[in-house]
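Single-letter residue listing:
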Amino acid sequence: MAVAEGAEPISLQEQEESQRSNPWFDAWRLFRRNKASMVALGVILLIVFIAVTAKLWTNIGLIDARGGAVARHTVNPLNVAPQDSYPDPGLAARDDQGRNPYWCGWLTDEALVSVQDKYCSLPEPDAEKKQWVWLLGADSNGKDWLTQTIYGAQVSLAVGVVGATMSLVVGLIYGMISGFYGGRIDNAMMRFVDFMYGFPTLVFIILMQVYFTEVAREYQDQGRGGIVGFILDLNKDMGGLLFLFIALGVLNWIGMARHARGLVLSYRSKEFVEAARAVGASNRRIIFIHLLPNIIGPLIVLETLAIPGYIFTEAFLSFIGLGVQPGTPSWGAMISEVRQRGGFFSNRHILLVPSIALVITTLSFNFLGDGLRDAFDPRMRGT
Amino acid sequence: MSTHARKLSGGSLLESVRNAGGTVFQAVGGASMVKFLIRRLLAAVPVLFAIMLVTFTLSHLLPGGPFNAVGQRRMPDYVVRQLEEQFGLNKSLLFNTPNDGYFPDGDDWKIIGYRDEVTTLGGSAGGDIRQETRRVLKIDLLDSQFFTYVWDVLHFDFGPSLNIALRDQNVSVTDEIATRLPVSMQVGVFAVLLGFLLGIPLGVLAAVYQNSAIDYVSMFFAVLGQATPSIVLAPILIIVFAIELDWVPVSDQQNQWREGPELSLYYLKILALPVLTLGTGMSASIARLTRASLLQVLHEDYVRTARAKGLRERAVIYVHALKNALIPVATILGPLLAAVLTGTFVVELIFVIPGLGESFVNSVGARDYTMIMGVSILYSIFLIFGNIMVDVIYTWLDPRIRFD
Amino acid sequence: MNQPMSDTQADQVTGTTPATDRKILVEVKGLKKYFPIKSGILFQREVAAVKAVDNVSFHIYEGETLGLVGESGCGKSTTGRTILQLYEATAGSIKFQGQEITNLKGAQLRKMRREMQMIFQDPYASLNPRMSVGRIVAEPLVVHNIGTKQEREDRVAELLELVGLNPYFVRRYPHEFSGGQRQRIGLARALALNPEFIVADEPISALDVSIQAQVVNLMQKLQETLGLTYLFIAHDLSMVRHLCDRVAVMYLGKIVEIAESEELYTNPLHPYTQALLSAVPVPDPVVEEKRQRIILKGDVPSPINPPTGCNFNTRCPVSVDMCYQEDPGLIEVQPEHWVACHRVD
């Protein structure tokens, strides 16, 4: 890379090339070479696309057994109760003992006529009637499992991205202030961080989630309004995600703040910052022009690698019923439903659908983070 | 423990055994370590207090109380009131101000002042009672639920469990934790062991045969292991090993967890799946960390020197490189402790293990305040001591780092 | 501990009329810079201080180059940075063009910064890796809000040409340049505001020997054309002799000797200066053969707790009782030749 000493003339072509060589572009070039990370990036973009356009894929798992016809039953997985005259096979599909052990069956225009055996094979087509089957089954409310899995991507991505962004922003601001101003401010701020380090995160997230859910229930019973009512409504519209964001955000910025502070400390004493000071640059300029562009890369890498953790936490909380609101499709809640309905013993493919979705998503974020780390810090290559 | 540390910090084991006391003290940092420990322990006190305050406030903010209902049936108000008085829940929450209307003995409210405290010493069958009256200094402001609790905790009394099933049998939180903690610990300790025993060799193999098939395969599984949460892994393990192969039971049917560990085939069987679930993720992280760290060390000058002087590759890796490469791996112990705590929640729920995680989730539901507090404090202590331990281990392993 | 220099002593150092009528640009009097060391179990309190610069006085004439030499850690960089107000002085006064600058704040300080700039030792750390060369050189102009965008671009091109770099390089990033080129970029940045005075903190120590001469020659050429004044901090004594008009020798936070360059090299008076100079190889085999090295015993004492009396007494080959009791002030033993030693008459 180094150019020969002195002021030799430079060709125009060379100049054009040099325009494209800036640190961000170099990082992208390095990243592009990492095949696994590029595939991961593609997978994530695909998941994002599917999640954003989830409405288009509604009932993708409902197939007309005769072939050809378009599914017309609207399933709205964000609401507990089906919105239209859609029959509730959860009730219809009870077996002799009154249990409802099956997730798959088939529908006619009128109603669910038959419940399939535990392996959910396609029924015999009947030319007379329109017949609908669930490709991958349905939940106890008769909602298409595949559609729910797609909607579940919304929850997981939202939790991962919002959780990471919140912790990045809060941790970055906190850590930068602490590291940049140093002295007593730093001492006090870092004492607080040390302090928060002893907090058992999950215990507090569980307590907060229970608190939020209970308060929401109480308010709903009493029909109260006001600001609290508005927030509760908003949370309800978001399927319980708002409170989940808050619970995740309150504690997860701590580690980020520590890293940000460490980076600021190491860059603050660099000579280029001193040069800026000698020129008379303001603190604001030093922070935004000199420090931030240098420390943001490694922090984004760290947050990318932390995304699977947020997704895990949401899945776990939903699994124990403290995550999203009941009825909001979430992969954790779906696995929990399979477990509660004895799905370990039959209809195992139903367990696999949300499981695979979960693993592919976290796997992709892991590979993406690794690739980003190698690209931003080539010394860490292959580690 | 100390001799072990000396060995790791560079001297020979023999030498350290010979001059046991002094050398070891020096090796582990001597006076500076004592100072460091004192500082960290002192710093832990306000943290614990704050955790108690936040947990206490948060758990009491939850609507409802521990006595409001038994199953589906609502308790009559007077019963609730009686129980609340019995367990001291009628006091004000954080501070007892005059406005709260709670006056300890009908006297005037004072911030601080003497009160009579009557203790019954004994008596006779005739009906007379021997009593002793003492004047004790009381702080009315702090005669609240929270400070009473803090006072009790300072005396190592974590109160009775308020859970319906337990309070009738007079089970204290300490008893309940004492029966449940060992259960969680068994799973946790074995999982950490599995993590290290599987993770370190895998990481070393991958680093030594870098960019070979061994490396790619082991790292693929490591990344996969990291990306698979317990709620996915546990059902898969259950389906494969418990249901299809029927090698192990889905969950403990013989009350073995409660009765305590007893080395038997059955014990190993019920332990296997929870430990695998928890340990896989750990070993994956450890393997990746070991590989990264060892690769870095293998490029250091002193390793090059060791090779240059003609040492066998084996000696280079196991004598010179690995010891230093394991230093960063030691730091994972802290997050690992947290992971064990988090992990046990899931694993205990899925495998129906009567451990602490299960107990915590139940006690939140039952508004068992004392139990919530007890478990939270215990977890915090684990975390705080885990963090201190990591710093100490780090300093033992790397003589360049000083206690500061 | 150190016996503080009395006012009369300080005046004696710099207050006397210099032999020539040259104008003084920078005047440093009794400058101290202590870095506190904090410790404590719960609350951090100051337990000691690193006395990086301990009562230093000297002046720099307009248009000259003053060399500041000494072992690493003797406080020479700290002195340079304190003059530029990058560190806040613990005590003492710094006058620039007759104006006291230690108490300047805000806009006044910013204005003063236009007059004095710095070039740094490490050409790899002194340029922001995320900024293009054009932005780096233009930064002083942007900070002081000088000129339009077009004017700034022209100025940057002019500056790059001035330091011998192709103006086409503006869009490139620091990592694409060699150490010598980076140092030129640093120079261009320092020159952007047309300063009077430049502190050069070991600007060539990190460079290859072949490139050192290029940078030094460039600095000399710029001094002639732009009338710059340099404080040249270095530990390479032969380069200092070549470049500097006067030289100050520092040891453990204090100046032990100041003299005109030729005078100092031919007639060193302080035993520390003598020891330093004896270590410089001479490019004449006959002289080199006879060169007697003075090897100092022991290590430099800690600046946290420097020796009482003369702070060189622990290593001095000629120390006497008085050296352990009294701190020798800088005394002008010959015109323009100051030395701090009891043994010099």
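Placed above this text is the structure.
Now for a quick tour of the structure. The numbering scheme is per chain: residues are counted from 1 as the chain's sequence reads. In the order they appear in the text, chains get letters beginning with A and ligands get numbers beginning with 1. Given that this is a predicted model, residues contribute local features only at a pLDDT of at least 70 and side-chain atom pairs are listed and counted only at 80 or more, while totals for whole chains, interfaces and linings are drawn from all residues. Here the side-chain values reflect all heavy atoms present in the structure, with hydrogen atoms and water set aside.

1. Focus: the overall build of chain B
Logical step 1: Only DSSP runs of H or I reaching four residues or more are called helices, and only runs of E reaching two or more are called strands; each is numbered from the N terminus. Scanning chain B from terminus to terminus reveals 17 helices and 4 strands.
Logical step 2: Within chain B, the fraction of its 404 residues that count as buried is 47%.
Logical step 3: Accessible surface for chain B amounts to roughly 20700 Å². Of this, 61% is attributable to carbon and sulfur atoms. Under the scheme applied here, a residue whose accessible area is under 20% of the maximum for its type counts as buried, over 50% as exposed, and between as partly exposed, the area being computed with a 1.4 Å probe on protein chains only. Exposure was quantified through the Shrake-Rupley algorithm and a 1.4 Å probe, taking into account, for residues, occlusion by the shown protein chains and nothing else.

2. Observations regarding the interface of chain B and chain A
One frequent convention defines the size of an interface as the accessible area lost when the parts assemble.
Logical step 1: The criterion used for residue contact is that any of the two residues' heavy atoms lie within 4.5 Å. Counting residues at the interface gives 43 residues for chain B, matched by 39 residues for chain A.
Logical step 2: Note on terms: buried area is the combined drop in 1.4 Å-probe accessible area of two parts once they are placed together, counting the loss on both. Across the chain B to chain A interface the summed buried area is about 3800 Å²; carbon plus sulfur atoms make up 80%.
Logical step 3: When the area that chain B buries against chain A is broken down by residue, the three leading residues are Leu58, Pro63 and Ile231 of chain B, summing to 14%.
Logical step 4: Salt bridge, as applied in this entry: a Lys or Arg side-chain nitrogen positioned within 4 Å of an Asp or Glu carboxyl oxygen. Taken together, the connections running from chain B to chain A amount to 1 salt bridge.
Logical step 5: In this structure, the salt-bridge partner of Arg288 of chain B is Asp370 of chain A, at a minimum N-O distance of 2.5 Å.
Logical step 6: Counting of polar contacts relies on pairs of N or O atoms within 3.5 Å, with two restrictions inside protein: one atom must be capable of donating a hydrogen and the other of accepting it, and residues adjacent in sequence are counted only when both atoms are side-chain atoms. For the interface between chain B and chain A, the tally reads 2 residue pairs in polar contact (both at pLDDT 80 or more).
Logical step 7: Taken together, the elements giving at least two residues each to the side of chain B that touches chain A come down to helix H4 (30-61), helix H9 (213-227), helix H10 (230-244), helix H12 (265-298), helix H15 (333-350), helix H16 (356-366) and helix H17 (369-397) of chain B.
Logical step 8: Broken down by element, the residue count for the side of chain B that touches chain A peaks at 9 residues, all from H4 of chain B.
Logical step 9: Of the residues assigned to the side of chain B that touches chain A, the class counts are 31 nonpolar, 8 polar and 4 charged. For this classification, Asp, Glu, Lys and Arg are treated as charged, while Ala, Val, Leu, Ile, Met, Phe, Trp, Tyr, Cys and Pro are nonpolar and the rest, including Gly, are polar.

3. What about the environment of Ala153 of chain A?
All names here are of chain A.
Logical step 1: Along the chain, the position of Ala153 falls in helix H5 (residues 145-181).
Logical step 2: Residues Ala153 and Ile205, spaced 52 residues apart in sequence, show a C-alpha to C-alpha distance of 22 Å.
Logical step 3: The residues contacting Ala153, other than those within four sequence positions of it, are Ile47, Ala51 and Trp331.

4. With respect to the packing of helix H6 (residues 179-191) of chain C against helix H7 (residues 209-226) of chain C
Residue and element names in this part refer to chain C.
Logical step 1: What counts as an axis is a line fitted to C-alpha atoms, over the stretch in contact for a helix, and the angles between N-to-C directions run from 0 to 180 degrees. Running from amino to carboxyl end, H6 crosses H7 at an angle of 20°, the nearest separation of the two axes being 10 Å. Accordingly, the angle class assigned to the pair H6 and H7 is roughly parallel. As H6 runs across H7, the sense of the crossing is right-handed. Where H6 abuts H7, its residues Gly180, Gln183, Arg184, Leu187 and Leu191 lie against Ile211, Gln214, Val215, Leu218, Met219, Leu222 and Leu226.
Logical step 2: For the contact of H6 with H7, the residue count by class is 8 nonpolar, 3 polar and 1 charged. Angle categories are assigned with fixed cut-offs, so that under 35 degrees is roughly parallel, over 145 is roughly antiparallel, 65 to 115 is roughly perpendicular, and the rest are oblique. Helix crossings fall into two classes, left-handed where the near helix is turned counterclockwise from the far one by less than a right angle and right-handed where it is turned clockwise.

5. Some thoughts on the pairing of strand E9 (residues 246-251) of chain C
Residue and element names in this part refer to chain C.
Logical step 1: Taken across its 6 residues, E9 has 6 buried, putting it largely inside the fold.
Logical step 2: Of the two faces of E9, the one holding Arg246, Ala248 and Met250 and the one holding Val247, Val249 and Tyr251 are both buried throughout.
Logical step 3: Two strands are said to pair when DSSP picks up at least two bridges between them. Where strand E3 (residues 65-69) meets E9, 4 bridges bridge the pair, whose relative direction is parallel. Counterpart to Leu68 in the pairing with E9 is Ala248.
Logical step 4: If you look at the hairpin formed by E9 and strand E10 (residues 254-260), you'll find 2 residues sitting between the two strands, and Leu252 has a positive phi there, around 50°.

6. Side note on the environment of Ile227 of chain A
Residue and element names in this part refer to chain A.
Logical step 1: Structurally, Ile227 is set in helix H8 (residues 226-237).
Logical step 2: The exposure class assigned to Ile227 is exposed, which follows from its relative accessible area of 66%.
Logical step 3: Residues Ile227 and Ala216 lie 11 residues apart in sequence; the distance between their C-alpha atoms is 13 Å.

7. Details of the pattern of salt bridges
Logical step 1: What the rule picks out here adds up to 23 salt bridges over all chains.
Logical step 2: When the shortest N-O distance is used, the salt bridge between Glu153 of chain C and Lys149 of chain C registers 3.6 Å. One end of the pair is Glu153 of chain C and the other is Lys149 of chain C, both in helix H5 (residues 149-162) and 4 residues apart, which spans about a single turn.
Logical step 3: Here Arg241 of chain C makes a salt bridge to Glu262 of chain C, at a shortest N to O gap of 3.5 Å. A residue pair is termed long-range when its members are at least 10 positions apart, and Arg241 of chain C in helix H8 (residues 237-243) and Glu262 of chain C in helix H9 (residues 261-266) qualify at 21 residues.
Logical step 4: With relative accessibility at 37%, the residue Arg241 of chain C sits in the partly exposed group.
Logical step 5: Each of Glu271 and Glu274 of chain A together with Arg81 and Asp201 of chain C takes part in salt bridges that share partners, so that together they form one network.

8. Digging into helix H10 (residues 271-279) of chain A
Residues and elements named next belong to chain A.
Logical step 1: Counting buried positions over the 9 residues of H10 gives 8, a clear majority of the element.
Logical step 2: Every buried residue of H10 is accounted for by Glu271, Phe272, Val273, Glu274, Ala275, Ala276, Ala278 and Val279.
Logical step 3: Of the residues flanking the end of H10, it is Gly280, one or two places downstream, whose phi is positive at about 105°.

9. Overview of the packing of helix H7 (residues 201-222) of chain A against H8 of chain A
Residue and element names in this part refer to chain A.
Logical step 1: Remark: H7 packs on H8, axes separated minimally by 10 Å, with the N-to-C direction vectors making an angle of 110°. Relative to H8, the element H7 lies roughly perpendicular. In this structure, the crossing between H7 and H8 has a hand that is left-handed. Every residue of H8 that contacts H7 at Val215, Ala216, Tyr219 and Gln220 is listed here: Val228, Gly229, Leu232 and Lys236.
Logical step 2: When grouped by side-chain class, the residues that make up the contact of H7 with H8 number 5 nonpolar, 2 polar and 1 charged.

10. Regarding unusual backbone geometry
What is expected of a backbone is that most residues other than glycine have negative phi and most peptide bonds are trans.
Logical step 1: Despite not being glycine, Gln97 of chain C has its phi angle at roughly 50°, a positive value.
Logical step 2: On the basis of relative accessible area, Gln97 of chain C is assigned to the partly exposed category, the value being 46%.

11. Things to note about the sheet that holds strand E8 (residues 229-234) of chain C
Residues and elements named next belong to chain C.
Logical step 1: The strand order E6-E7-E8-E3-E9-E10-E12-E11 describes an open sheet built from 8 strands, whose pairing is mixed. Strands with a single pairing partner mark the edges of an open sheet, and in this sheet they are strand E6 (116-119) and strand E11 (331-334). Neighbour-to-neighbour, the strand axes of this sheet turn through a mean angle of 20°, independent of strand direction.
Logical step 2: Against the sheet, H7 engages E3, E6, strand E7 (197-201) and E8, with an angle of about 160° to E8.

12. Quick notes on the side chain of Arg130 of chain C
Logical step 1: Counting through the fold element by element, Arg130 of chain C comes out in the loop between E6 and helix H4 (133-143).
Logical step 2: Assessed through its relative accessible area of 18%, Arg130 of chain C is described here as buried.
Logical step 3: A polar contact is formed between the side chain of Arg130 of chain C and the backbone oxygen of Pro293 of chain A, at a distance of 3.5 Å.
Logical step 4: Not counting chain neighbours up to four residues away, the residues in contact with Arg130 of chain C comprise Pro23, Trp24, Pro293, Asn294 and Phe376 of chain A together with Arg135 and Tyr173 of chain C.

13. Some thoughts on the state of the cysteines
All names here are of chain C.
Logical step 1: We call a pair of cysteine sulfur atoms a disulfide whenever their separation is within 2.5 Å. All told, the structure shown has 0 disulfides over all chains when counted by the stated rule.
Logical step 2: The cysteine Cys244 is free of any disulfide, with Cys74 supplying the nearest cysteine sulfur at 14 Å.
Logical step 3: Accessibility expressed as a relative area gives 6% for Cys244, which makes it buried.
Logical step 4: Between Cys316, a free cysteine, and Cys341, which holds the nearest cysteine sulfur, the sulfur-to-sulfur gap is 5.9 Å.
Logical step 5: On the basis of relative accessible area, Cys316 is assigned to the buried category, the value being 7%.

14. Overview of the nonpolar core
Logical step 1: By size, the foremost hydrophobic cluster in this structure holds 147 residues, and its most contacted members are Ile206 of chain A together with Phe345 and Phe360 of chain B.
Logical step 2: Element by element, the count of residues in this core is highest for H12 of chain B, at 13 residues.
Logical step 3: Every residue in contact with Ile206 of chain A, bar those within four places of it in the chain, is listed here: Leu317, Ile320 and Leu322 of chain A together with Phe345, Phe360 and Val364 of chain B. Buried residues of nine kinds, namely Ala, Val, Leu, Ile, Met, Phe, Trp, Tyr and Cys, make up a nonpolar core once their side-chain atoms join them within 4.5 Å.

15. Side note on helix H6 (residues 145-154) of chain B
Logical step 1: Every buried residue of H6 of chain B is listed here: Gln145, Phe146, Phe147, Tyr149, Val150 and Val153 of chain B.
Logical step 2: Immediately downstream of H6 of chain B, the backbone of Phe156 of chain B shows phi near 60°, a positive value.

16. A closer look at a nonpolar patch on the surface
Logical step 1: Exposure above 30% relative accessible area and the absence of a salt bridge qualify a residue for a patch, where like charges join within 9 Å and nonpolar side chains (Val, Leu, Ile, Met, Phe, Trp, Tyr) within 5 Å. Among the surface-exposed residues, Leu352, Ile356 and Ile360 of chain A together with Ile236, Val240, Leu245 and Trp247 of chain B lie close enough to one another that they form a single nonpolar patch of about 600 Å² accessible area.
Logical step 2: Every element with two or more residues in the nonpolar patch is listed here: helix H13 (348-376) of chain A together with H10 of chain B.
Logical step 3: Sort the elements by how many residues they give to the nonpolar patch and H13 of chain A lands first, with 3 residues.
Logical step 4: Inspection of the secondary structure assignment puts Ile360 of chain A in helix H13.

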